[in-house]
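Architecture at a glance
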Amino acid sequence: MQKQERSQMLGTMPMNRLVPKIAVPIMISMLVQALYNIVDSIFVARYDPNALTAVSLVYPIQMLMIALATGLGTGINSLISRKLGEKRPKEALQAARNGIFLELSGSALFVVIGLFLSEVFMGMFTPDPVLRALGTTYLSIVCTASFGLFVSITFERMMQATGNTMLSMITQLVGAVTNIILDPILIFGLCGLPRMGIAGAAWATVIGQVLGMFLGFVLNQRKNPELRLTLQGFRIDGRIIRDILAVGLPSSVMASIGSVLNVLMNLILIAYGNAAVSVLGVYFKLQSFVFMPVFGLSNGLVPIVGYNFGARLIRRVYGAMKVALIYAMTIMAVGTAAFMLIPETLMGLFESEGASELTEIGVIALRTISINFILAAIGITLSTVFQAVGRGSYSLIMSLCRQLIVLLPAAWLLSKLGGLNAIWWSFPIAEAVSLIICLLLFRKCNREMLSPLGE
């Protein structure tokens, strides 16, 4: 595909072809990432149960790292696609360069954590010297070498911004598959290598990220001529930095909210026993296979809406939204059907011998929570539109309502009024309230930003 075709297809290709062309590769790669997280945990657990516990304790830091990297990447994607739509390729290139600078700055924050604060962090959670040592080893490695994660995400978003989502998918797949392959080799000392244990798991993660970064750079330079990087003419531009952060920081906060939600919900559920807490953890793992494709669809929608918004093609913006809503609601409908019809089978994947209480609680939880899936499809899609046109703060308001401001008080109140089974209704309640707020915000965004564009 030629340079002109790649950038202009965002403004010319029919939406019923463009949306799946851009989004499906991202959806596939995000499903692979979800699968990797499960496989990675299996290998660590087989090495040592203490190692799995240690990795679980440092998981919030990893989630913060991913949240910052992907949030900044969303800001980069949004700004680049808008500048390309406005026919300002030089400004799009400057956005890419400043985006890399921002991602490296974010990585530097975690280098400090890895070098100086890993042991302090582990000490906050456990007095066990074994767990502290294992967690410190893992955390120091993944944080100190976090540049691979941050920069690889930059290149992925740069390629997505120009419609090259297939190349973006390749870099993510290569990184994830490399990680999965290296996990058993480095953890257990296969192929003549020394047995590294939890350090091997950390190095497998880092090596996969760095390989994805190098592949992303090569593919961007060779296949993405709109954003081919050179040092010539580079300067730190405060206005571009602000534009990226305006979308990127709210996105980062949104991505990190899930971790906060999980911790606080556990504080409510622990009163009903360990099984109730486990059910919430199982739910989040299961729902990732439903929500991840929708989030991938949303990532693909950002450059499409951003480009056509910048090009003042309002009908194409509305067309992209319509197609994305149909796909998102279809995916969520399938997920709802699975959670409603076969919850026993889904919970059984995580059940050990004699743990029938897990399934008993989980069946009710899955059927209740899945009521909100189709509502979530609408909210997620409209939130993506906010990000694509530069109103990232609206998306932040949505996420805060969905996962904290409404959900947690509702869960606490329902726990007092109706017990454990009532708590699960906090999810659909929060989704319904946040969707009403989302529709009001979209009405405001449409009146102020979209409708004035004309055609």
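Residues numbered from 1 in each chain as written. Predicted model: local features only at pLDDT ≥ 70, side-chain atom pairs only at ≥ 80, totals over all residues. Heavy atoms only, no water.

Points about the overall build of the chain
The helix and strand tally for the chain stands at 18 helices and zero strands. Its C-alpha atoms give the chain a radius of gyration of 22 Å, near enough to 23 Å, the size a compact globule of 455 residues would have. Its C-alpha atoms give the chain principal-axis dimensions of roughly 60 × 55 × 35 Å. A total of 455 residues make up the chain; the buried ones form 56% of that total. Considering only contacts within the chain whose residues lie at least 6 apart along the sequence, 81% involve residues at least 24 apart. For the chain, the computed accessible surface area is about 19100 Å², with 67% contributed by carbon and sulfur atoms. A distance of 14 Å separates the average location of the 32 positive side-chain charges in the chain from that of its 21 negative side-chain charges. (Helix = DSSP H or I, 4+ residues; strand = E, 2+ residues; numbered from the N terminus. Rg over C-alpha atoms; globule rule 2.2 N^0.38 Å. Buried < 20%, exposed > 50% of the residue type's maximum accessible area, 1.4 Å probe, protein only. Contact = heavy atoms within 4.5 Å. Areas by Shrake-Rupley, 256 points an atom, 1.4 Å probe, with all protein chains shown as cover. Lys, Arg positive; Asp, Glu negative; His and termini not counted. Charge placed at Lys NZ, Arg CZ, Asp CG, Glu CD.)

Digging into the side chain of Asn220
Counting through the fold element by element, Asn220 comes out in helix α8 (residues 198–223). Judged by relative accessible area, Asn220 falls into the buried class, the value being 0%. At 3.3 Å, the side chain of Asn220 and the side chain of Gln221 are in polar contact. Polar side-chain contacts of Asn220 include one of 3.1 Å to the backbone oxygen of Leu227. Not counting residues up to four positions away in its chain, the partners in contact with Asn220 are Phe155, Met158, Met159, Pro225, Leu227, Arg228 and Leu229. (Polar contact = N/O pair within 3.5 Å; in protein donor to acceptor, adjacent residues only side chain to side chain.)

Thoughts on the packing of helix α15 (residues 392–405) against helix α18 (residues 426–450)
Relative to each other, α15 and α18 sit at 170°, their axes nearing to 9 Å. Classified by the angle their axes make, α15 and α18 are roughly antiparallel. Packed against α15, whose contacting residues are Tyr394, Ile397, Met398, Cys401 and Arg402, the element α18 presents Ala430, Glu431, Ser434, Ile437, Cys438, Leu441, Lys444, Cys445 and Glu448 at the interface. Grouping the amino acids of the contact of α15 with α18 by side-chain chemistry returns nine nonpolar, one polar and four charged. (Axes fitted to C-alpha atoms, helices over the stretch in contact; angles between N-to-C directions. Parallel < 35°, antiparallel > 145°, perpendicular 65-115°, else oblique. Nonpolar A, V, L, I, M, F, W, Y, C, P; charged D, E, K, R; others polar.)

Here's the deal with the nonpolar core
Core analysis: the biggest nonpolar cluster contains 132 residues, and Ile80, Met265, Met332 and Trp424 have the highest contact counts within it. Here this core gets 17 residues from one element, more than from any other, and that element is helix α10 (residues 274–310). Trp424 has contacts with Leu269, Ala276, Val279, Leu280, Ile361, Ile364, Ala365, Thr368 and Ile369, leaving out every residue within four places of it along the chain. (Core = buried A, V, L, I, M, F, W, Y, C linked by side-chain atoms within 4.5 Å.)

Digging into helix α9 (residues 238–269)
Here α9 contains 32 residues, and its C-alpha end-to-end distance of 45 Å stays within 8% of the 46 Å for a straight helix at 1.5 Å per residue. Along its length, α9 shows its largest kink, about 35°, at Leu245. The N-terminus of α9 is capped by Asp237, whose side-chain oxygen sits 2.9 Å from the backbone nitrogen of Arg239. (Expected span 1.5 Å × (residues − 1). Bend = angle between axes of the 7 residues up to and from the residue.)

Notes on the packing of helix α5 (residues 129–144) against α8
Across the interface, α5 lies against α8 with an axial gap of 9 Å and an inter-helix angle of 15°. Taken together, the axis directions place α5 and α8 in an arrangement best described as roughly parallel. You can see that α5 and α8 cross each other, and the crossing is right-handed. Across the interface between the two elements, Leu134, Thr137, Tyr138, Ile141 and Val142 of α5 pack against Ile198, Ala199, Ala201, Ala202, Trp203, Thr205 and Val206 of α8. When the residues that make up the contact of α5 with α8 are grouped by side-chain class, the tally is ten nonpolar, two polar and no charged. (Left-handed = near helix turned anticlockwise from the far one by under 90°.)

Concerning the pattern of salt bridges
What the rule picks out here adds up to ten salt bridges. When the shortest N-O distance is used, the salt bridge between Glu91 and Arg88 registers 3.8 Å. Residue Arg88 is classed as partly exposed on the basis of its relative accessible area of 40%. Ionic pairing is found between Arg367 and Glu344, a salt bridge with its closest N-O pair at 4.0 Å. In this pair, Arg367 sits in helix α13 (residues 356–369) while Glu344 sits in helix α12 (residues 343–348), placing the two residues 23 residues apart along the sequence. Owing to a relative accessible area of 32%, Arg367 belongs among the partly exposed residues under this scheme. Residue class for Glu344 comes out partly exposed when judged on its relative accessible area of 40%. Each of the salt bridges in this network shares a partner with another, and the network as a whole consists of Lys83, Glu86, Arg88 and Glu91. (Salt bridge = Lys/Arg side-chain N within 4 Å of Asp/Glu carboxyl O.)

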